[in-house]
Amino acid sequence: MSIGQKVYAGLAGMYAGDAFGLPMEMMPEEHVRRVFGRVTGLVSLEQPTVEDGYVYRPVTPRGRGSDDTYFNTYVIEKYLECGRMDEEITARIFIEKGREILDTPFYGPSTQKAMNRIFRGENPEVTGLPSGPMEGQSCGAATLRSTPIGMANPGKVREAAMEAVRAALPTHGSCVALSAAAAWSAAVAAAMEEHSVKEDVYRAACEGARLGSQYGLPGIAPSVEKRIELAWKIAEKVKDPRKVAKEYYNLIGAGLPAAETVPFSLAVFFACPDSQMQSILYAVNAGGDTDSTGSMAGALTGVFSGCMDIPDKDLKLIEEVNRLDIRKISARFSRWIEENRS
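Reading the values: the criteria
- Here the residue numbering is sequential within each chain, running from 1 through the sequence in written order.
- Local features are withheld for residues below a pLDDT of 70 in this predicted model, meaning they are given only at 70 or higher, and side-chain atom pairs are given and counted only at 80 or more; totals for whole chains, interfaces and linings count all residues.
- Excluding hydrogens and water, the side-chain values take into account all heavy atoms of the structure.
- Under the DSSP-based scheme used, a helix requires at least four consecutive residues in state H or I and a strand at least two consecutive residues in state E, with every element numbered from the N terminus.
- Relative accessibility decides the category of a residue: with a 1.4 Å probe and only protein chains considered, values under 20% of the type maximum give buried, values over 50% give exposed, and everything between is partly exposed.
- Note on contacts: a residue pair qualifies if any of its non-hydrogen atoms lie within 4.5 Å across the two residues.
- With residues, only the protein chains shown are counted as cover, and all accessible areas are computed by Shrake-Rupley using a 1.4 Å probe.
- Any carboxyl oxygen of Asp or Glu that lies within 4 Å of a side-chain nitrogen of Lys or Arg is treated as forming a salt bridge with it.
- Each Phe, Tyr or Trp ring, with Trp reduced to its six-membered ring, pairs with another whose centre is within 6.5 Å; inter-plane angles below 30 degrees give stacked pairs, above 60 give edge-to-face pairs, and intermediate values give tilted ones.
- Between N or O atoms, a polar contact is any pair within 3.5 Å; within protein, one atom must be a potential hydrogen donor and the other a potential acceptor, and residues adjacent in sequence are included only when both atoms are from side chains.
- Fitting a line to C-alpha atoms yields each axis, with helices limited to the stretch in contact; the angle taken between N-to-C directions then spans 0 to 180 degrees.
- Throughout, the term roughly parallel applies to angles under 35 degrees, roughly antiparallel to angles over 145, roughly perpendicular to angles from 65 to 115, and oblique to all others.
- Working rule for handedness: look at the near helix, and if it is turned counterclockwise from the far one by less than a right angle, call the crossing left-handed; if clockwise, right-handed.
- Ten residue types, Ala, Val, Leu, Ile, Met, Phe, Trp, Tyr, Cys and Pro, are classed as nonpolar, four, Asp, Glu, Lys and Arg, as charged, and the remainder, Gly among them, as polar.
- The residues that make up patches have over 30% relative accessible area and no salt bridge, and they are joined within 9 Å when like-charged or within 5 Å when they are Val, Leu, Ile, Met, Phe, Trp or Tyr.

K.L.:
Would you explain the overall build of the chain in this entry?
P.N.:
Helix and strand counts for the chain come out as 17 helices and two strands. Each principal axis of the C-alpha atoms in the chain carries an extent, and together these give about 45 × 45 × 40 Å. Each of the 342 residues in the chain was classed as buried or not, and the buried ones make up 63%. When contacts within the chain are restricted to residue pairs at least 6 apart in sequence, long-range pairs at least 24 apart make up 74% of them. Summing over all exposed atoms, the chain offers an accessible surface of approximately 13,200 Å²; the carbon and sulfur share of this is 49%.

Given below as structure tokens:
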């Protein structure tokens, strides 16, 4: 498989997973089932919906992407323009795209808080530092930047992890968020290898988690590496991808914290490494931070397999709604990777 195949399949999975998962974002599994049934295609939430007293806001039109879609596209554009990702480039994205970012109502608490400090001109190496031991642990650094960073470092696990750490610092300065971001980039970097196997991705994710955990401020948080190990054990024991997603969700969850979303997405991949569409559907039907887990599971499965099984009609709708040309973006990015990083 060529780099071009892997990049295209990975980006298609990333964009599609985000769009499939956004309408049921932050719903528990039972609410996903009540509102949508078993999700098998693109859906939308047309009006406010109340379940057990919880109000879910409308998400339209069908196929719309969240901040994951837009910010990852900005990251790719910066690679083409600047040739790297680091603290300065991440801060520059927020400054240059501030209006577009503020018009997208899906950014997490760590990102929103850091944005104000970036706009005030503070040093991007410290704008993401948490002010308490329970802050700064959300998954934004992993979902908003780490997939293209992994793609940009094919087979270079340590380089991908460290580039992810630097790119994450402006918004996520806790060691757990940095560990998760580094783990995800490292996993994608390993999957970019032509003959990679699941074990390679697993080992890379653990290595990235260890590297990332050495940076940022400590907090009251679990070990990302240990949870990745648990994800691997569950997937190897249970086998059935739907049961793997359910088992991991019941044990750990798949919510906003980085120590949940990244290991959960890896669990889905470990159980279903060869079908983007199935990995996305297993992720989003489980509930939780579904746009993040759908996006990550779809991206990693696409990169690893290099195969596309997302329905053309769905992909075309996603491109139309979000004003994307995935094939064109992929061609430009893969050409840059081949010329500069492979």
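K.L.:
Would you mind going over the pattern of salt bridges with me for this structure?
P.N.:
Between side chains of opposite charge, pairing is possible as soon as their charged atoms come close. In total, this model carries 20 salt bridges according to the counting rule given. With a closest N to O distance of 3.0 Å, E81 and K78 form a salt bridge. Remark: K78 and E81 occur in helix α3 (residues 67–82); sequence separation between them is three residues, near one turn of the helix. Of the residues examined, E81 reaches a relative accessible area of 53% and is grouped as exposed.

K.L.:
Sorry if this is basic, but what is going on with the environment of L217 here?
P.N.:
Structurally, the position occupied by L217 is in the loop between α10 (198–212) and α11 (224–238). Not counting residues within four places of it along the chain, the set of residues in contact with L217 comprises L129, P130, G173, S174 and C175.

K.L.:
Got a minute to help me understand the packing of aromatic side chains in this structure?
P.N.:
When we look at a pair of aromatic rings, we describe it by the centre distance and by the angle of the planes. Using the criterion set out here, one finds eleven aromatic pairs in the structure. Taking the centre distance of 4.6 Å and the plane angle of 10° together, the rings of Y202 and W232 count as stacked. You can see Y202 sitting in helix α10 and its partner W232 sitting in helix α11, a full 30 residues away along the chain. Exposure class is identical for Y202 and W232. Each is buried. With a centroid separation of 5.2 Å and an interplanar angle of 80°, the aromatic rings of F269 and F304 are classed as edge-to-face. Here F269, found in helix α13 (residues 258–271), pairs with F304, found in helix α15 (residues 290–305); they are 35 residues apart in sequence, far enough to count as distant.

K.L.:
How do you make sense of the side chain of H172 when you look at a structure like this?
P.N.:
Looking at where H172 falls in the secondary structure, it is placed in the loop between α8 (157–168) and α9 (175–191). Within the structure, the side chain of H172 is placed 3.2 Å from the side chain of S138, a separation counted as a polar contact. H172 has contacts with S110, T111, G128, G136, S138, G140, A141, R145, A177 and L178, leaving out every residue within four places of it along the chain.

K.L.:
Would you take a moment to explain the packing of α9 against α15 for this structure?
P.N.:
Geometry of a packed helix pair, given as the angle between the helix axes and the separation of the axes. Contact geometry of α9 with α15 gives a least axis separation of 8 Å together with a crossing angle of 25°. Regarding the angle of α9 to α15, the classification is roughly parallel. Pair α9 / α15 crosses with left-handed handedness. On α15, the residues that touch W184, A187, V188 and A191 of α9 are M296, A297, L300, V303 and F304. For the contact of α9 with α15, the class distribution of residues is nine nonpolar, no polar and no charged.

K.L.:
What should I look at first to understand a nonpolar patch on the surface in this one?
P.N.:
On the surface, V126, L129 and L217 cluster together to form a nonpolar patch covering roughly 190 Å² of accessible area. Look at L217 and you get partly exposed, because its relative accessible area is 35%.

K.L.:
Whenever I open this one, the side chain of S334 confuses me. Can you help?
P.N.:
Following the sequence through the fold, S334 ends up in helix α17 (residues 326–340). What S334 contacts, discounting residues up to four positions off in sequence, is I3, G4 and V7.

K.L.:
Looking at this model, I keep getting lost on unusual backbone geometry. Mind explaining?
P.N.:
Most peptide bonds are trans, and most residues other than glycine sit at a negative phi. Residue P61 is bonded to the preceding T60 through a cis peptide linkage, with omega at -5°. Positionally, P61 belongs in the loop between β2 (54–56) and α3. In this structure, M26 takes a positive phi of about 65° despite not being glycine. Backbone geometry at K239 places phi at a positive 75°, although glycine is not the residue there. Tracing the sequence through the fold places K239 in the loop between α11 and α12 (241–251).

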